[in-house]
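For reference, the chains in residue letters:
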Amino acid sequence: MAQFRETPYSVFNYLVNLDDGTEGDIAGGFSEISGLNAEVTVAEYRNGNAPVNYVTKIPAIHKAGDVTLKRGVIGAENIYSWLDQVRAGDVAAKRNVTVKLKSEDPTSATAVVTWKLVNAMPIKWTGPTLTAKGGSDVAIEELVLAVEHIEQE
């Protein structure tokens, strides 16, 4: 259950569980998560004998947007092997990924808001941009997940 407070929570303290059995293991934390969104489309309808000259909007299909996860390259193969499952046509490759926002207190393990990405599967992996001109950047890989539904707890 989400924990309400007067001031907004900071965005820097969160955990991601890919539902691959590695929760609690250090397998490279994600440095950025974007695209958490849900949308309800509407169907427009008007009776031919309606007394007003405008359409009625009716809730129709709802959908979740694609979610992008970014992390530093550490040699972990968990996301690439998940992508291989999907490419092989494994219908059991869909997972329920959870994102837990924590409070600013580093000693607290309690999530203040949890988003559950229902039936997520990887649809795109992007490797790091490599350049020989500098040495101060971190190699970042990116994983894009197609999500059927997002639940907030």
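Residues numbered from 1 in each chain as written. Predicted model: local features only at pLDDT ≥ 70, side-chain atom pairs only at ≥ 80, totals over all residues. Heavy atoms only, no water.

A. Focus on the packing of aromatic side chains. Under the defined criterion, the tally for this structure stands at 1 aromatic pair. Residues tyrosine 80 and tryptophan 125 carry aromatic rings whose centres are separated by 5.5 Å and whose planes lie at 80° to one another, so their mutual orientation is edge-to-face. Here tyrosine 80, found in helix α1 (residues 78–87), pairs with tryptophan 125, found in strand β7 (residues 111–126); they are 45 residues apart in sequence, far enough to count as distant. Judged by relative accessible area, which is 32%, tryptophan 125 ranks as partly exposed. Taking NZ or CZ as reference, arginine 5 lies 3.9 Å from the ring centre of tyrosine 9, over its face. Its guanidinium or amino end placed over the ring of tryptophan 82, arginine 95 lies 4.3 Å from that ring's centre, counting from NZ or CZ. (Phe/Tyr/Trp six-rings, centres within 6.5 Å; stacked < 30°, edge-to-face > 60°. Helix = DSSP H or I, 4+ residues; strand = E, 2+ residues; numbered from the N terminus. Buried < 20%, exposed > 50% of the residue type's maximum accessible area, 1.4 Å probe, protein only. Lys NZ or Arg CZ within 6 Å of the ring centre and 35° of its normal.)

B. Examining the nonpolar core more closely. With 20 residues, the main nonpolar core has Leu18, Leu69, Trp82, Val97, Leu117, Leu145 and Val147 as its most contacted residues. With sequence-adjacent residues up to four places away left out, leucine 117 is seen in contact with Leu36, Val67, Arg95, Asn96, Val97, Val99, Leu145, Val147, His149 and Ile150. (Core = buried A, V, L, I, M, F, W, Y, C linked by side-chain atoms within 4.5 Å. Contact = heavy atoms within 4.5 Å.)

C. Region of interest: unusual backbone geometry. For asparagine 119, which is not a glycine, the phi torsion comes out positive at approximately 55°. With respect to the helices and strands, the residue asparagine 119 is situated in strand β7. Since its relative accessible area comes to 29%, asparagine 119 is described here as partly exposed.

D. Spotlight on the pairing of β7. In this sheet, β7 lies alongside strand β6 (residues 95–102) in antiparallel orientation, the contact comprising 7 bridges. Residue threonine 98 lies in a different strand from β7, and its bridge partner there is lysine 116. Two strands pair when backbone bridges link them, and β7 and strand β8 (residues 140–146) are joined in this way by 5 bridges, in the antiparallel orientation. When the sheet's bridge partners are listed, threonine 126 is paired in β8 with glutamate 142. (Pairing = 2+ DSSP bridges.)

E. Expanded view of the side chain of asparagine 17. Following the sequence through the fold, asparagine 17 ends up in strand β1 (residues 14–17). By relative accessible area, asparagine 17 is classed as buried at 14%.

F. Quick look at the pairing of β6. Extensive coverage of β6 is indicated by the burial of 6 of its 8 residues. Across 4 bridges, the pairing between β1 and β6 is antiparallel. Its bridge partner being in β6, asparagine 17 is matched across the sheet by threonine 98.

G. Just the pattern of salt bridges, in detail. Under the counting rule described, the total for this entry stands at 7 salt bridges. Here arginine 87 and aspartate 84 are joined by a salt bridge, their closest N and O atoms 2.4 Å apart. In this pair, arginine 87 and aspartate 84 both sit in helix α1, 3 residues apart, roughly one turn of the helix. When salt bridges that share partners are traced, they join Glu32, Lys70 and Glu142 into one network. (Salt bridge = Lys/Arg side-chain N within 4 Å of Asp/Glu carboxyl O.)

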